[in-house]
Amino acid sequence: MTSAFSLFTYNEEITGIESRKVPLYQGGYNQKILYISGMAMGISKSQNSPTMEIAQAIAVHLSQNSDSLFRVKVVPPGEIHIELVDSTLAAWLHDLTVRENGDWRLGQSEQERIKISVPNYQLTSSLKIFTIQHAHARCCSLLLLGHQEGLIELQRTSIKSFISVKSIPWLNNNQKLCLNHADESFLIHQLVKVVDDLVFAHSSSTINWEKAAGNLSQAVERFWCNCRIWGEVKIHDPELAQARLGLLIATQLVLRWVLEGKLGIVAPVEL
């Protein structure tokens, strides 16, 4: 994103813009992963130039340099909308669930805090926290069942998360994401939101991690209530069953990191 906006920062008279963080935020849920930037409006004010003209120029530059990772369009009064395409989401999910170092290592201070809390661990009396722990444990039990039934092949990482040994079929023959049920899309939306917050540490101080994990656990509940893995799905569409289990791998990993890394509470494998 920074290189795209450099179209309007090469002029020495424009000071400060090049070193700023590009304001980019995730759009609301609409069965797609969308990011929105109002950068063009800020540039327009400082340069006294038409906002839409600036936004269109940035959008063209982004599209030409995106390697088809996303689609870009301009929405009046000058917002730039960046939508991740299915192949990009599939690559992201693959990196999250199959990579060799998929254990998402925590910082040293967080590791020490977790080690202290684990020996004295008891199930919390907080209903909200228990709901998050229950979602994590449910993910683990479903994954172990999928492993036992031969749908996926799992291995444990060094910090007791699950990753897949083999690639998961995220895309169908038309190169579209096979996870297109509304509750699958909503879970992916929540996963991306939490991972964005986890990765961009500069904003983590303002995040209510209990609420973030609670929203994710609610999305998991919707998913497992309405998106079947066993029975006819396993028999007639095993690749869809595998993709749904892959989504649970990603969810378990993210829930564990928030529970242990941000809330200092053990993420139980079973309850």
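Residues numbered from 1 in each chain as written. Predicted model: local features only at pLDDT ≥ 70, side-chain atom pairs only at ≥ 80, totals over all residues. Heavy atoms only, no water.

Student: Is there a simple way to think about the overall build of the protein chain in this case?
Tutor: Looking only at helices and strands, the protein chain features 10 helices and six strands. By the burial criterion, 46% of the 271 residues in the protein chain qualify as buried. Total accessible area on the protein chain is roughly 14300 Å²; 49% of this is exposed by carbon and sulfur atoms. (Helix = DSSP H or I, 4+ residues; strand = E, 2+ residues; numbered from the N terminus. Buried < 20%, exposed > 50% of the residue type's maximum accessible area, 1.4 Å probe, protein only. Areas by Shrake-Rupley, 256 points an atom, 1.4 Å probe, with all protein chains shown as cover.)

Student: Looking at this model, I keep getting lost on the environment of Cys 140. Mind explaining?
Tutor: Considering the arrangement of structural elements, one finds Cys 140 in helix H6 (residues 127-148). Expressed as a C-alpha distance, the spacing of Cys 140 and Phe 162, which sit 22 residues apart in the sequence, is 8.1 Å. Beyond its immediate chain neighbours, meaning those up to four positions away, Cys 140 contacts Phe 162, Gln 252 and Val 269. (Contact = heavy atoms within 4.5 Å.)

Student: Hey, could you run me through the packing of aromatic side chains in this one?
Tutor: Within a pair of aromatic rings, the relevant descriptors are the distance that separates the centres and the angle that separates the planes. A full pass over the atoms with the stated rule returns one aromatic pair. Centre to centre, the rings of Tyr 29 and Phe 186 are 5.1 Å apart; their planes meet at 80°, and the pair counts as edge-to-face. Remark: Phe 186 occurs in helix H7 (residues 182-199) and Tyr 29 occurs in the loop between strand S1 (24-26) and strand S2 (34-37); sequence separation between them is 157 residues. When its relative accessible area of 15% is taken as the criterion, Phe 186 is described as buried. Here the basic side chain of Arg 222 rests over the ring of Phe 186, its NZ or CZ set 4.1 Å away from the ring centre. (Phe/Tyr/Trp six-rings, centres within 6.5 Å; stacked < 30°, edge-to-face > 60°. Lys NZ or Arg CZ within 6 Å of the ring centre and 35° of its normal.)

Student: Where do I start with the sheet that holds S2 in this structure?
Tutor: Backbone-to-backbone hydrogen bonds pair the strands of a sheet. The strands run either parallel or antiparallel. Spatial strand order, S1-S2-S4-S3: four strands in an open sheet with antiparallel pairing. Looking at the sheet topology across the chains shown, the edges are occupied by S1 and strand S3 (70-75). Strand-to-strand twist of the sheet, defined as the mean angle between neighbouring strand axes without regard to direction, takes the value 25°. The sheet contact formed by S1 and S2 spans three bridges and is antiparallel. Each residue of the ladder has a partner; that of Gln 26, found in S2, is Tyr 35. (Pairing = 2+ DSSP bridges. Axes fitted to C-alpha atoms, helices over the stretch in contact; angles between N-to-C directions.)

Student: Please clarify how the pattern of salt bridges should be interpreted in this entry.
Tutor: One side chain can pair with another of opposite charge once the charged atoms of both are near each other. All chains considered together, the criterion is met by six salt bridges. Where Glu 149 meets Lys 234, a salt bridge forms, and the shortest distance between an N and an O atom there is 2.7 Å. With Glu 149 in the loop between H6 and strand S5 (154-156) and Lys 234 in helix H9 (residues 232-236), the pair connects residues that are 85 residues apart, well separated along the chain. Here Lys 234 falls in the partly exposed class, since its relative accessible area comes to 28%. Notably, a salt bridge pairs Arg 244 with Glu 184, separated by 2.5 Å at the nearest N-O pair. You can see Arg 244 sitting in helix H10 (residues 238-262) and its partner Glu 184 sitting in helix H7, a full 60 residues away along the chain. (Salt bridge = Lys/Arg side-chain N within 4 Å of Asp/Glu carboxyl O.)

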